[in-house]
Amino acid sequence: MAKPLVAIVGRPNVGKSMLFNKLVGARLSIVEDTPGVTRDRLYAEAEWRSRKFDLVDTGGIEPGTDSEILSFMREQAEIAIQNATVIIFVCDIKTGLTASDQEVANMLLRSGKPVVLAVNKMDQVGATNPDIYEFYNLGLGDPIAVSSVHGHGTGELLDACFEYFPEAGEDEEEDDVIRVAVIGKPNVGKSSLVNRILGEQRVIVSDMAGTTRDAVDSYFENEKGKYILIDTAGMRKKAKVDDRIEKFSVLRATMAIERSDVCLIMIDAQEGVTEQDTKVAGLAHEAGKACIIVVNKWDAIEKDGKTMDRMREDVRRDLSYMTYAPIVFISALTGQRVERLFELINYVNDQASLRITTGMLNSVLADATARVQPPTDKGRRLKIYYMTQVGIKPPHFVIFCNDYQLFHFSYRRYLENQIRSTFGLEGTPVVLSIRQKGDKEG
């Protein structure tokens, strides 16, 4: 059974993101006093009275708005409302009841979903501000006084939501869900790919760079498996990251990589690998994530018989530290080869989770050292005693030797290649730690 979904809606600047963060207990949503900062729906898991539920923070609903981004945000909020179990409608005691609040309330009433009315910024403790009573005019029942800054009233608010949760069933185990982060520079087609996969306007897609600011999670299931797609804000060059919101976005993308099992590194076929792409890919590589290089907008390229081979060579040259990552050529616009991604995602995720017995590793090691002698230095020869695997995601091997200073980088790379050629390990980085007798790490 899926978890209940609680959507937080309201017009811009009533404190939805701050309330979201207070309920989740972590600073997940960008909080700034610029209207329109939360552009997409942002999900997080929360727990109340031993029940886990998903909370979604939406962009502010501006009824009858002209601005392209604001009308996008309104659509996003509407999708969140359709999928919600219960809706928290946030109003602001400081501005009082506005015509926009009334319009949003009418929209919520039309949706037929249960609505809990929260009047925010009730920061004073003690006597209730009598202005709260005007919110009864919305026709949504008793308003609950909350302060997202101090956390007052949040327990009462969650209790009211809890009343609408369906009976607790056996919650699904999420162990078999693969978390996939879609990363890349702005405007490379990340959101278009996520929308193509989900078949709904899940993420704002617009040709304004930097439209997706938050990392957004979408659960998705097909015959190949269960996935959570994390669409990240496009990462810009540092020089262009001057406003604080963009800095948050780079941080968020990094956090999204950390939370993922597999990273899809998207590259624009028309631009090829840029310096920015190498930085983005480097983050995923350093985090030890299974990776697939996804060359998007392939439909826009004029091709002859060798175009794909040439592009593949260029990518391999420019991302030389990621020779293990498979490359796939797609078009998020037409859907070309998008289906193939799932086989690859499953494959690289399995490869990153591979466990190899110590016996098998040591027979590969014996074979490798017999073929290429370990290096010597001033008459001392490197002796390799044995090798064992200590971790997965990424596969992590420890090699014990007599002196790690004799362990040349080139020999380490040779052994890594031997392991890869025997066991595959495609799509995943490999970590080799060298230790010498006395357990000193190199």
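Reference entry: report on the structure contained in this document. These figures come from a predicted structure and were not determined experimentally.

Describing the side chain of Thr58
And step 1. Its place among the elements puts Thr58 in the loop between strand S3 (51–57) and helix H2 (68–83).
And step 2. Take Thr58: its relative accessible area is 1%, and that puts it in the buried class.
And step 3. Side-chain polar atoms of Thr58 contact the backbone oxygen of Ile8, separated by 2.7 Å.

Some points on the pairing of strand S4 (residues 86–92)
And step 1. Within S4, 7 of the 7 residues are buried, which leaves it mostly tucked inside the rest of the structure.
And step 2. Of the two faces of S4, the one lined by Val86, Ile88, Val90 and Asp92 and the one lined by Ile87, Phe89 and Cys91 are each fully buried.
And step 3. Summarising the sheet, strand S1 (residues 5–9) and S4 pair through 4 bridges and their orientation is parallel. Bridging from a neighbouring strand, Val9 pairs with Phe89 of S4.

Observations regarding the pattern of salt bridges
And step 1. Under the counting rule described, the total for this entry stands at 19 salt bridges.
And step 2. Residue Lys226 is joined to Asp176 by a salt bridge in which the shortest nitrogen-to-oxygen separation is 3.3 Å. Of the two residues, Lys226 is situated in strand S9 (residues 225–231) and Asp176 in the loop between helix H4 (154–162) and strand S7 (177–183); the sequence distance between them amounts to 50 residues.
And step 3. The residue Glu271 makes a salt bridge to Lys185 at a minimum N-O spacing of 3.4 Å. With Glu271 in the loop between strand S10 (262–268) and helix H7 (275–286) and Lys185 in the loop between S7 and helix H5 (190–198), this pair connects stretches of sequence that are 86 residues apart.
And step 4. For Lys185, a relative accessible area of 8% translates into the label buried.

Section: the packing of aromatic side chains
And step 1. This structure, assessed with the given rule, holds 10 aromatic pairs.
And step 2. Between Tyr133 and Tyr136, the aromatic rings sit 6.4 Å apart at their centres with planes inclined by 10 degrees, giving stacked as the arrangement.
And step 3. For Tyr136, a relative accessible area of 40% corresponds to the partly exposed category.
And step 4. In textbook terms, an aromatic cluster arises when at least three aromatic residues are bridged by ring pairs, as seen for Phe53, Phe162 and Phe165.

Some remarks on the pairing of S9
Every other side chain in a regular strand lies on the same face of the sheet, so the side chains alternate between the two faces.
And step 1. Within S9, 5 of the 7 residues are buried, which leaves the element mostly enclosed by the surrounding structure.
And step 2. Bridging between S7 and S9 involves 6 bridges; their strand directions are parallel. Its bridge partner being in S9, Arg179 is matched across the sheet by Ile228.

A few points about the packing of helix H1 (residues 16–24) against H4
Any two packed helices are characterised by how steeply their axes cross, that is the angle between the axes, and by the distance between the axes.
And step 1. As a packed pair, H1 and H4 sit with axes 11 Å apart at the nearest point and diverge in direction by 85 degrees. In this view, H1 runs roughly perpendicular relative to H4, as classed from their interaxial angle. Residue-level contacts link Leu19, Lys22 and Leu23 of H1 to Thr154, Leu157 and Leu158 of H4.
And step 2. In terms of residue class, the contact of H1 with H4 is made up of 4 nonpolar, 1 polar and 1 charged.

What to know about the sheet that holds strand S6 (residues 144–145)
And step 1. A sheet is described by the order of its strands in space; here 6 strands give the open sequence S2-S3-S1-S4-S5-S6, paired in mixed fashion. Either end of the sheet is taken by a strand with one partner, and the two such strands are strand S2 (42–48) and S6.
And step 2. Together, S1, S2, S3 and S4 form the strand contacts of H1, whose direction differs from that of S3 by roughly 160 degrees.
And step 3. Strand contacts of helix H3 (residues 99–111): S1, S4 and strand S5 (115–120), with the helix running at about 170 degrees to S4, the strand carrying the most contacts.

Focus: H7
An α-helical turn contains 3.6 residues, so any two residues separated by three or four positions project in the same direction.
And step 1. Here H7 spans 16 Å end to end across 12 residues, near enough to the 16 Å set by a 1.5 Å rise per residue.
And step 2. Those residues of H7 that fall on the buried side of the exposure criterion are Gln276, Asp277, Val280, Ala281, Gly282 and Ala284.
And step 3. After H7 finishes, the residue Gly288 shows a positive phi value of roughly 75 degrees.

Some details on the packing of helix H10 (residues 358–371) against helix H11 (residues 409–423)
And step 1. In contact at an axis separation of 10 Å, H10 and H11 are set at 125 degrees when each is read in the N-to-C sense. The angle between the axes of H10 and H11 places the two elements in the oblique class. Helix-helix and strand crossings are classified by hand; for H10 and H11 the assignment is right-handed. Contact residues: H10 offers Met360, Leu361, Val364, Leu365, Ala368, Thr369 and Arg371, while H11 offers Tyr411, Tyr414, Leu415, Gln418, Thr422 and Phe423.

Cut-offs applied
Residues numbered from 1 in each chain as written. Predicted model: local features only at pLDDT ≥ 70, side-chain atom pairs only at ≥ 80, totals over all residues. Heavy atoms only, no water. Helix = DSSP H or I, 4+ residues; strand = E, 2+ residues; numbered from the N terminus. Buried < 20%, exposed > 50% of the residue type's maximum accessible area, 1.4 Å probe, protein only. Polar contact = N/O pair within 3.5 Å; in protein donor to acceptor, adjacent residues only side chain to side chain. Pairing = 2+ DSSP bridges. Salt bridge = Lys/Arg side-chain N within 4 Å of Asp/Glu carboxyl O. Phe/Tyr/Trp six-rings, centres within 6.5 Å; stacked < 30°, edge-to-face > 60°. Axes fitted to C-alpha atoms, helices over the stretch in contact; angles between N-to-C directions. Parallel < 35°, antiparallel > 145°, perpendicular 65-115°, else oblique. Contact = heavy atoms within 4.5 Å. Nonpolar A, V, L, I, M, F, W, Y, C, P; charged D, E, K, R; others polar. Expected span 1.5 Å × (residues − 1). Left-handed = near helix turned anticlockwise from the far one by under 90°.

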